[in-house]
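# Close look at the chain arrangement
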Amino acid sequence: MNDTLNKDINKLTLQVFMQTVGSSMVMVYMNLFMTDYLMIAAATVSTALVIAKTIDLVFSVVAGPIMEKVRFKNGKYRPWLNIVKWLLFISFTLTYLNTYELGVGSEWLRAGVIIVSYVGFGAGMSLLMICRGGVLQYMAGADMGIRAKISARQAQATAAATIITSACVLPLIKLVGGFTGDKWAYWVTCTFLALFMLFGAGGMARLARNYDAPSDAAAKKTVTVKDMFNAVAGNSQLLIMILSMGIFYISMNVLTGIQVYYFRYIINDYGFMATSMTIKTAFAFVASLFIPRLGKKLGKRMSYVVGLLGYAASMVFIGVFGGSSKWIFTIGTCLFTAFMYMFSSFGVNYFLDCGEYGYHKTGKDYRSTAMAMFNLPMKIGFVGGSAIAGYGLAAIGYQPGMEITADFTSKYMLIIGTIPAVLCVLAAVIFLVGYKIKDEDAARYAKENAERDAAMAVAQAN
């Protein structure tokens, strides 16, 4: 690896770090903010978020085809990154806008602002993740070692950023609240953090100049919507990956969506949330340095299965024992984070492998479309996780400021722990039965596809 490439990988890692800091608040406090500050009923919150995340899900499906069809003169990914940085910044500034204090009387109008902001956030993140994968592809070429290195560095950057934000965001909200009041502290803090996204995405746009798809060569490709649909529907390995990982993300987002209620109501220690999340994310950073090594030994396929089953066991631990102790809950979150890094460090490479498989099988290069699907399971998870978490809270009778009983705690822990564990086991079984791409197969596909691309380039030049 030459010095220039190594420096650019370091720049990319820093930019991913900044993007993670910038987006850190959006999901964590959203449900609580809507119920306890915007005064929206839990069932309405869930419905609004399901609407927003379903729209986001649809966009994530068409984002790849849109990027395949829309061609800019100065590259394939860089122009999108320049659009994305502003789309995300504006969306973040709307997320915690306190429309209740601004006098918006209708509950659904207040929820509507959240829907708009979330759709903007989701669309921006879909485009951003495709651009990340595209820059990775062009930086690494067919070298699987460099692909793995870049993915691991991105995972480490995400873990490091999450450590910092876990420790600092809640105290920062409280600090800002001393000047603005609690009702505006979330908005001011989120707007400040959004600046990191603005600069992080902008920096990636500048870096992409050296690794973007040549616009003249890209323009020669004719890709139809039907071809793109067939690229997904005709790729059995990609479909299995989407289904299994989608179920996993549903599991993960059940906890993500409502864990804030655990600290605020179940253990009545909201301030400990920052401590718990910092411990978990510090543990995650350490795990990101060592666990991927075990993953490389197991291979991408078995790492995914073992990671999911370990994640499921950790969630059972939380569901059964976490309701009685904030420390047990925290230990459980550390455990599932470690297991998750067994496969999450491979990142978009699962989907790139599926893209290489499809290109090798059909001779049609829809690797960008395959990488675009990397975001789809996350979106499925947001929709399904929000529905289970939100409607689950409404079903067990949650009301802001309510008195917490042992019966409520028991039902809450079932939602946050046991249900996600069952979903993880299901995801592991589906993947183990249906996914057949081994690491040596993926390497062979990438090598032969690169040779095919080189031959086509020579033919076009002549």
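These figures come from a predicted structure and were not determined experimentally. Residue numbers restart at each chain and count upward from 1, following the sequence in its written direction. Only residues with pLDDT of at least 70 are given local features in this predicted model, and only at 80 or more are side-chain atom pairs given and counted; all residues enter the totals for whole chains, interfaces and linings. Hydrogen atoms and water are omitted, and side-chain values are computed over all heavy atoms in the structure.

The helix count covers DSSP runs of H or I at least four residues long, the strand count covers runs of E at least two residues long, and both are numbered beginning at the N terminus. Along the protein, the regular secondary structure elements total 17 helices and zero strands. Restricting the calculation to C-alpha atoms gives the radius of gyration, and the globule rule supplies 2.2 Å times the number of residues raised to the power 0.38. Taking 462 residues into account, the globule formula puts the C-alpha radius of gyration at 23 Å, and the protein, at 22 Å, falls close to it. The principal-axis extent of the C-alpha atoms belonging to the protein is close to 75 × 45 × 40 Å. Relative accessibility under 20% of the residue-type maximum defines a buried residue, over 50% an exposed one, and the middle range a partly exposed one, all with a 1.4 Å probe and only protein chains included. Taking all 462 residues of the protein together, the buried fraction comes to 57%. Only heavy atoms matter for contacts: two residues are in contact if any of them lie within 4.5 Å across the pair. Across the protein, contacts joining residues at least 24 apart in sequence account for 85% of those joining residues at least 6 apart. In this description, accessible areas are obtained by the Shrake-Rupley approach with a 1.4 Å probe, and a residue is regarded as covered only by the protein chains that are shown. By element, 67% of the accessible surface of the protein is carried by carbon and sulfur atoms, the whole surface being about 18200 Å². Positive charges are assigned to Lys and Arg, negative charges to Asp and Glu, while His and the chain termini are left out of the count. Charge positions come from single atoms, namely NZ of Lys, CZ of Arg, CG of Asp or CD of Glu. Separation of charge centres in the protein, based on 39 positive and 24 negative side chains, amounts to 3 Å.

Next up on the list: the pattern of salt bridges. Whenever a carboxyl oxygen of Asp or Glu lies within 4 Å of a side-chain nitrogen of Lys or Arg, that contact is scored as a salt bridge. Under the definition given, this model contains nine salt bridges. The salt bridge involving Asp 56 is made with Lys 379; its shortest N-O contact spans 3.1 Å. With Asp 56 in helix α3 (residues 42-69) and Lys 379 in helix α15 (residues 375-395), the pair connects residues that are 323 residues apart, well separated along the chain. Take Asp 56 and Lys 379: they sit in the same class, and that class is buried. Each member of the salt-bridge network shares a partner with another, and the members are Lys 300, Asp 353 and Asp 439.

Attention now moves to the packing of aromatic side chains. Stacked, tilted and edge-to-face are the three classes applied to pairs of Phe, Tyr and Trp rings, where Trp contributes its six-membered ring and a pair requires centres within 6.5 Å; stacked means planes under 30 degrees apart, edge-to-face means over 60, and tilted covers the rest. Tallied over the entire structure, the rule returns 32 aromatic pairs. Both rings, one in Phe 33 and one in Tyr 96, keep their centres 5.0 Å apart while their planes meet at 80°; by these two values the pair is edge-to-face. Here Phe 33 is found in helix α2 (residues 30-36), whereas its partner Tyr 96 is found in the loop between α4 (78-95) and α5 (107-140), with 63 residues between them in sequence. Both residues of the pair, Phe 33 and Tyr 96, belong to the buried class.

The subject of this paragraph is the environment of Ser 251. Take Ser 251: it is sitting in helix α10 (residues 236-266). Owing to a relative accessible area of 1%, Ser 251 belongs among the buried residues under this scheme. Measuring from C-alpha to C-alpha, the distance between Ser 251 and Ile 419 comes to 7.4 Å, with 168 residues separating the pair along the chain.

Attention now goes to unusual backbone geometry. At Met 39, a residue that is not glycine, the phi angle is positive and equals roughly 55°. Unlike most non-glycine residues, Asn 268 shows phi in positive territory, near 55°. Tracing the backbone shows Asn 268 in the loop between α10 and α11 (272-321). Relative accessible area serves as the criterion here: at 65%, Asn 268 is assigned to the exposed category.

Right, let's get into the nonpolar core. Among the nonpolar cores identified, the biggest contains 136 residues, and Tyr 29, Tyr 186, Phe 248 and Tyr 412 are the most heavily contacted of them. When residues in this core are grouped by element, the largest group, 19 residues, is from α10. In contact with Phe 248, not counting residues within four places along its chain, are Tyr 304, Leu 308, Tyr 311, Met 340, Phe 343, Cys 424 and Ala 427. For this analysis, a nonpolar core means a set of buried residues of the types Ala, Val, Leu, Ile, Met, Phe, Trp, Tyr and Cys, connected via side-chain atoms within 4.5 Å. The next biggest cluster of nonpolar side chains, apart from the first, holds six residues, and it includes Ala 155, Ala 159, Ala 284 and Tyr 341.

What follows concerns empty space enclosed by the protein. Think of a 1 Å grid over the protein atoms and nothing else: a 1.4 Å probe that fits but is trapped marks a cavity, an open set flanked by protein within 12 Å on at least five of seven lines marks a pocket, and residues with an atom within 4 Å of a point count as lining. Grid points are joined across faces, edges and corners, and a volume is the space filled by probe spheres set on the points. In the structure shown here, the tally under the stated rule is four cavities of 30 Å³ or more. Within this model, the second largest cavity holds a volume of roughly 50 Å³. Forming the walls of the second largest cavity are Met 27, Asn 31, Lys 53, Asn 253, Thr 256, Gly 257, Ser 386 and Ala 389. Counting only elements with at least two residues in the lining of the second largest cavity, the list comes to α10 and α15. The biggest single contributor to the lining of the second largest cavity is α10, with three residues.

Here helix α1 (residues 3-22) spans 29 Å end to end across 20 residues, near enough to the 28 Å set by a 1.5 Å rise per residue. Among all positions in α1, only Leu 5, Asp 8, Ile 9, Leu 12, Thr 13, Gln 15, Val 16, Met 18, Gln 19, Thr 20, Val 21 and Gly 22 are buried. Looking at the buried residues of α1, the elements they touch are α4, α5, α6 (144-180) and α7 (182-207). In this scheme, a helix's expected span is set at 1.5 Å multiplied by one less than its residue total.

Attention now goes to the state of the cysteines. What counts as a disulfide here is a pair of cysteine sulfur atoms lying within 2.5 Å. Under the defined criterion, the tally for this structure stands at zero disulfides. Cysteine Cys 354 shares no disulfide, and the gap to the nearest cysteine sulfur, in Cys 424, comes to 19 Å. Given the relative accessible area of 0%, Cys 354 is considered buried.

Between N-to-C directions, angles cover 0 to 180 degrees, with each direction set by a line fitted to C-alpha atoms, over the stretch in contact for helices. Following both chains from N to C, one finds α4 and α5 inclined at 150°, their axes separated by 8 Å at the closest point. Relative to α5, the element α4 lies roughly antiparallel. The interaxial crossing formed by α4 with α5 has left-handed handedness. Residues Trp 80, Leu 81, Val 84, Leu 87, Leu 88, Ser 91, Phe 92, Leu 94 and Thr 95 of α4 lie in contact with α5, whose contacting residues are Val 113, Ile 114, Ser 117, Gly 120, Phe 121, Ala 123, Gly 124, Met 125, Leu 127, Leu 128 and Cys 131. Side-chain classes are defined by residue name, with Ala, Val, Leu, Ile, Met, Phe, Trp, Tyr, Cys and Pro counting as nonpolar, Asp, Glu, Lys and Arg as charged, and the others, Gly among them, as polar. Across the contact of α4 with α5, the residue classes break down as 15 nonpolar, five polar and no charged. Should an angle lie under 35 degrees it is considered roughly parallel, over 145 roughly antiparallel, and from 65 to 115 roughly perpendicular; all remaining angles are considered oblique. Each helix crossing is assigned a hand: it is left-handed if the near helix lies turned anticlockwise from the far helix by less than a right angle, otherwise right-handed if that turn is clockwise.

Turning to the confidence of the model for the protein, a few remarks are in order. When pLDDT is averaged along the protein, the result is 85; 95% of the residues meet or exceed 70. Values of pLDDT, which run from 0 to 100, indicate the predictor's confidence residue by residue. Looking over the protein, one finds the lowest element-wise mean pLDDT in helix α8 (residues 215-219), namely 46, and the highest in helix α16 (residues 406-434), namely 94. Across residues 216-220, where pLDDT falls below 50, the model places two contacts with residues more than four positions away in sequence or in other chains.

Turning to α5, a few remarks are in order. Under the 1.5 Å per step criterion, the end-to-end length of α5 is 49 Å for 34 residues, consistent within 8% with the ideal 50 Å. Among the 34 residues of α5, 26 are classified as buried, and the element is accordingly described as predominantly covered. Any pair of nitrogen or oxygen atoms within 3.5 Å is treated as a polar contact; in protein, a donor-acceptor pairing is required on top of that, and neighbouring residues in sequence qualify only through side-chain atoms on both sides. At the N-terminal end of α5, a side-chain oxygen is found 3.3 Å from the backbone nitrogen of Trp 108, two or three residues along, and the residue is Ser 106.

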